[in-house]
Amino acid sequence: MSMTSALDITRSVNPPRAAFLNFPLGHTCGKPNEPELNRQIMLDTLESLTSMTKPGSIKMLPYKWSEDDKWGRTAMTEGDQRVERYDTPQYQNEDDRRRAEEHAGESEECHVCVSYSGDSK
Amino acid sequence: MPAEPVQYMTRIRDQYAKLGYKPYQWVANEEPSAWQPMRKPLSECRLTLIASGGIYVTGQVAFHFKDDASFRAIPTDTKTEDLRFAHFAYDTTDAKIDPNVVFPIDTLRGLVKEGVIGELSEHAFTFMGGIYSSRRVRDELAPQLSERAIAEKADVALLVPV
């Protein structure tokens, strides 16, 4: 079951089941600190598991990000806010870096927390 | 629909053209992937969450931004406040405030408590979805993710892209 906020990309990829939420990128499952809304979004999404019968179906969820569609127009015109594509781990903060480096020191390889595919960065 | 869905493929095509890049080769599948009907009610199912928003747990190595095709296994009883984000292609501000916007762990845990979902698998699996090579995702990353989901005896996989 796929959730999505990018309808055109999902149509192109064509997963068996999808639920589309028309929210800005970074909000595929809802809004911050709105557990009741997010619960409803999830219930509506999961309902598709039993109600959908046709592969490639996309359910259009009825939730609105805001009363106007300004956010959508901004998203089209400003393009994405991509930062540089650094090739070293981008920790959210320095504590994370320290913990990860300590952890790496403890064991040769942690099979649970880190899995690489291919290169051994 | 209140607002027209954003046309991301058009936007990115136009952006790349402006920057002088070659057009991005989007994945276009004529046929959807294999259909699996539900074999039992969701209330008896084990659900595996697979998310591409660059989520990791403090203590794990963070994702990098240059076609990082690795994934992380996040125990599904992880404290929400221990979740972190490393991604370059979306604004992670709200995700850092409430991870559930792209990693709906509390939402799902709540539905397990309510009996809507049977249980969550031992781990959720996450990766950093800004990987330009769809071949690497298809041939390297995706098979590993499905292998892990199958090993944890998932009945349902919930995919959460950003």
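Residues numbered from 1 in each chain as written. Chains lettered and ligands numbered in written order. Predicted model: local features only at pLDDT ≥ 70, side-chain atom pairs only at ≥ 80, totals over all residues.

A. Examining the overall build of chain A more closely. For chain A, the helix and strand inventory stands at four helices and three strands. What you see in chain A, going N to C, is helices and strands ordered as β-α-β-α-β-α-α. The burial tally for chain A puts 27% of its 121 residues in the buried class. Of the contacts formed within chain A by residues at least 6 apart in sequence, a portion of 49% connects residues at least 24 apart. (Helix = DSSP H or I, 4+ residues; strand = E, 2+ residues; numbered from the N terminus. Buried ≥ 20, exposed ≤ 12 C-beta atoms within 10 Å, placed from the backbone. Contact = placed C-beta atoms within 7 Å.)

B. Structural context of the overall build of chain B. Within chain B, the regular secondary structure consists of four helices and seven strands. Written out in order from the N terminus, the α and β elements of chain B read α-β-β-β-β-α-α-β-β-α-β. By its C-alpha atoms, chain B is 50 × 40 × 40 Å across when sized along the principal axes. Considering only intrachain contacts with a sequence separation of at least 6, the fraction spanning at least 24 residues in chain B is 75%.

C. Structural context of the interface of chain B and chain A. Taken together, the contacts link 64 residues of chain B with 64 residues of chain A. Contributions of two or more residues to the side of chain B that touches chain A are made by helix H1 (8-19), strand E3 (71-75), strand E4 (83-85), helix H2 (93-97), helix H3 (105-113), helix H4 (134-151) and strand E7 (156-160) of chain B.

D. Geometry of H4 of chain B. All names here are of chain B. In a regular helix each residue adds 1.5 Å, so 18 residues correspond to 26 Å; H4 covers 24 Å between its end C-alpha atoms and thus fits that length. At Leu141, H4 shows its maximal kink, close to 40 degrees; a proline, Pro143, follows between one and four residues later. Of the positions making up H4, those classed as buried are Val137, Leu141, Leu145 and Ala149. On its buried face, H4 sits against strand E1 (46-51), E3, strand E6 (123-127) and E7. One or two positions beyond H4, positive phi appears at Lys153, with a value near 60 degrees. (Expected span 1.5 Å × (residues − 1). Bend = angle between axes of the 7 residues up to and from the residue.)

E. Local environment of the pairing of E6 of chain B. Residue and element names in this part refer to chain B. Where burial is concerned, most of E6 is hidden: five out of the five residues are buried. With two bridges joining them, E1 and E6 adopt parallel strand pairing. What sits directly across from Ile50, in E6, is Phe125. Direction of pairing for E3 relative to E6: antiparallel, over a ladder of five bridges. Bridging from a neighbouring strand, Pro75 pairs with His123 of E6. (Pairing = 2+ DSSP bridges.)

F. Representation of the confidence of the model for chain B. Predicted confidence across chain B gives a mean pLDDT of 94, with 99% of residues reaching 70 or more. Across the assembled chains, the prediction reports ipTM 0.95 with pTM 0.92. (pLDDT = per-residue confidence, 0-100.)

G. Up close: the packing of helix H2 (residues 35-51) of chain A against H3 of chain B. Contact pair H2 of chain A / H3 of chain B: the axes reach a minimum separation of 10 Å and the direction vectors enclose 70 degrees. Here H2 of chain A is positioned roughly perpendicular relative to H3 of chain B, judged by the angle of their axes. Contacts between H2 of chain A and H3 of chain B involve Pro35, Asn38, Arg39 and Met42 of chain A on the former and, on the latter, Asp106, Thr107, Gly110 and Leu111 of chain B. Among the residues making up the contact of H2 of chain A with H3 of chain B, the classes are represented as three nonpolar, three polar and two charged. (Axes fitted to C-alpha atoms, helices over the stretch in contact; angles between N-to-C directions. Parallel < 35°, antiparallel > 145°, perpendicular 65-115°, else oblique. Nonpolar A, V, L, I, M, F, W, Y, C, P; charged D, E, K, R; others polar.)

H. Spotlight on unusual backbone geometry. Of note in this structure, Asn33 of chain A is not a glycine but carries a positive phi near 55 degrees. By the element assignment, Asn33 of chain A lies in the loop between strand E2 (17-20) and H2. Accessibility expressed as a C-beta count within 10 Å gives 12 for Asn33 of chain A, which makes it exposed. The backbone of Lys153 of chain B shows a phi angle near 60 degrees, a positive value even though the residue is not glycine. One can find Lys153 of chain B in the loop between H4 and E7.

I. Structural context of the confidence of the model for chain A. Here chain A averages 86 in pLDDT, while 81% of its residues score no lower than 70. Here residues 117-121 of chain A scores under 50 on pLDDT; set against residues more than four positions off or in separate chains, the count is eight contacts.

J. Fine view of H2 of chain A. Residue and element names in this part refer to chain A. Its 17 residues give H2 an end-to-end C-alpha distance of 24 Å, which sits within 8% of 24 Å, the value for a rise of 1.5 Å per residue. For H2, the set of buried residues is Asn38, Arg39, Ile41, Met42, Thr45 and Leu46. Angularly, the buried residues of H2 cover 160 degrees about the axis, an arc narrow enough to put them on a single face. Exposed residues pointing more than 90 degrees away from the buried face of H2 are listed as Glu36, Thr50 and Ser51. (Arc of directions from axis to C-beta.)

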